[in-house]
Amino acid sequence: NPLHGAQFVLAAHRVNQLPPDLGAEVAFAGRSNAGKSSALNALAGHKGLARTSKTPGRTQQMVAFALPPLAQGEGVPPLTARLIDLPGYGYAKVPEELRAHWKQEIDAYLHHRQSLRGVVLIADIRHPLKEFDRMMLDFCFATGLPCHLLLTKADKLSRNQAAQALAAMRKSFPDGLHATAQVFSSPAGTGVDEARARVAELLRT
Ligand code: GDP
């Protein structure tokens, strides 16, 4: 597991408080309560890494996790790698001012972060994409960043329903958006290996 050994580095309110913009990083985004913390924990294989919460909408921060350096093949030095947990909002209880702050910070981060290789967007497989998700896809479209969509909570659907939801989602991606999607479930472990492989692939691009 290339994401094993992820460690908390810092939490930031602004992009300029993040670790130095070197090496490679992948950002995780999702509306609050989508299941982003659970997904991060499942991917890292570390239950307490990201804080899961049943009280969505609390004040959030950008959180940086360091990964063990990624081997890149013979003669190439290992790559400094990070995961960045972006604040989720879009659910109830986040004041408009705070939403505007995060929208601006996320926009700036996606446009200017040199080490950013891609975005993992986490969304509940049972619901259509919401305003926050579409905003993330628009940012990815605008910046050319690859986006990997984790359709999570798949354990709430039958296998068939989940496959249908995935197919419908893939069809709805606009032409020119560099997006991939998969089914995911944190408690069932569905799609964990696939997602780890995709994140590692993004980090190495
Ligand atoms: P975050 O706000 O996006 O970080 O979401 P959390 O990871 O804290 O999860 C929000 C709620 O959804 C919690 O009650 C989790 O237990 C639940 N949850 C997260 N992922 C899954 C999943 O894959 N399946 C199910 N059934 N519940 C999940």
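Residues numbered from 1 in each chain as written. Predicted model: local features only at pLDDT ≥ 70, side-chain atom pairs only at ≥ 80, totals over all residues.

Considering the overall build of the chain
Stage number 1. Secondary structure assignment for the chain yields five helices and seven strands.
Stage number 2. Secondary structure elements of the chain occur, N-terminal to C-terminal, as β-β-α-β-β-α-β-α-β-α-β-α.
Stage number 3. Taken over 205 residues, the chain has a buried fraction of 40%.
Stage number 4. Sequence-distant contacts in the chain: of pairs separated by 6 or more residues, those separated by 24 or more amount to 75%. (Helix = DSSP H or I, 4+ residues; strand = E, 2+ residues; numbered from the N terminus. Buried ≥ 20, exposed ≤ 12 C-beta atoms within 10 Å, placed from the backbone. Contact = placed C-beta atoms within 7 Å.)

Thoughts on helix 2 (residues 96–112)
Stage number 1. In this model helix 2 runs 24 Å from its N-terminal to its C-terminal C-alpha over 17 residues, within 8% of the 24 Å that 1.5 Å per residue would give.
Stage number 2. Buried within helix 2 we find Trp 102, Ile 106, Tyr 109 and Leu 110. The arc that holds every buried residue of helix 2, seen down its axis, measures 90°, which confines them to one face. Facing away from the buried surface of helix 2 by more than 90 degrees, the exposed residues are Glu 96, Glu 97, Ala 100, Gln 104 and His 112.
Stage number 3. The secondary structure elements touched by the buried residues of helix 2 are strand 5 (116–124) and helix 3 (131–143). (Expected span 1.5 Å × (residues − 1). Arc of directions from axis to C-beta.)

So, the environment of Lys 36
Stage number 1. With respect to the element layout, Lys 36 can be found in helix 1 (residues 36–44).
Stage number 2. Judged by C-beta crowding, with 26 C-beta atoms within 10 Å, Lys 36 ranks as buried.
Stage number 3. When the C-alpha positions of Lys 36 and Gln 17 are compared, they lie 22 Å apart, and in sequence the two are 19 residues distant.
Stage number 4. For Lys 36, the residues in contact, after removing those within four places along its chain, are Phe 28, Gly 30, Asp 85, Gly 88 and Ile 122.

Some points on the sheet that holds strand 2 (residues 24–30)
Stage number 1. The strand order across the open sheet formed by seven strands is 1-3-4-2-5-6-7, and the pairing between neighbours is mixed. Both edges of this open sheet fall to strand 1 (7–12) and strand 7 (179–183), since each of them pairs with a single strand only. Sheet twist, expressed as the mean angle between neighbouring strand axes with direction ignored, is 20°. (Pairing = 2+ DSSP bridges. Axes fitted to C-alpha atoms, helices over the stretch in contact; angles between N-to-C directions.)

Notes on the environment of Leu 129
Stage number 1. Mapped onto the elements, Leu 129 comes out in the loop between strand 5 and helix 3.
Stage number 2. The spatial distance from the C-alpha of Leu 129 to the C-alpha of Met 169 is 8.9 Å, given a sequence separation of 40 residues.
Stage number 3. The contacts of Leu 129, once residues within four sequence positions are left out, are Ala 123 and Arg 134.

A look at the environment of Ile 84
Stage number 1. Residue position: Ile 84 is located in strand 4 (residues 79–85).
Stage number 2. Separated by 13 residues in sequence, Ile 84 and Glu 97 have C-alpha atoms that sit 22 Å apart.
Stage number 3. Beyond its immediate chain neighbours, meaning those up to four positions away, Ile 84 contacts Leu 18, Glu 25, Ala 27, Phe 28, Met 62 and Ala 64.

Describing the pairing of strand 3 (residues 62–70)
Stage number 1. Of the pairings in the sheet, the one linking strand 1 to strand 3 comprises five bridges and is antiparallel in character. Bridged to Leu 10 within strand 3 is Ala 64.
Stage number 2. As judged from the six bridges shared by strand 3 and strand 4, these two strands associate in the antiparallel manner. Bridge pairing links Leu 67 to Ala 81 in strand 4.

Some remarks on unusual backbone geometry
Both trends apply: most residues other than glycine have a negative phi, and most peptide bonds are in trans.
Stage number 1. In the Ramachandran plot, Asn 33 falls in the positive-phi region, its phi being about 80° despite a non-glycine side chain.
Stage number 2. Look at Asn 33 and you get partly exposed, because 18 C-beta atoms sit within 10 Å.

Thoughts on the nonpolar core
Stage number 1. If you look at the biggest cluster of nonpolar residues, it comprises 57 residues, and the most contacted ones within it are Phe 28, Val 119, Leu 121 and Leu 151.
Stage number 2. At six residues, the largest contribution of residues to this core is made by strand 5.
Stage number 3. In this view, Leu 121 contacts Ala 29, Gly 30, Asp 133, Met 136, Cys 147 and Leu 149; residues no more than four positions away in its chain are not counted. (Core = buried A, V, L, I, M, F, W, Y, C linked by C-beta atoms within 7 Å.)

Examining the confidence of the model for the chain
Stage number 1. Of all residues in the chain, 95% attain a pLDDT of 70 or more, and the chain-wide mean is 92.
Stage number 2. Reported confidences for the modelled complex are a pTM of 0.95 and an ipTM of 0.99. (pLDDT = per-residue confidence, 0-100.)

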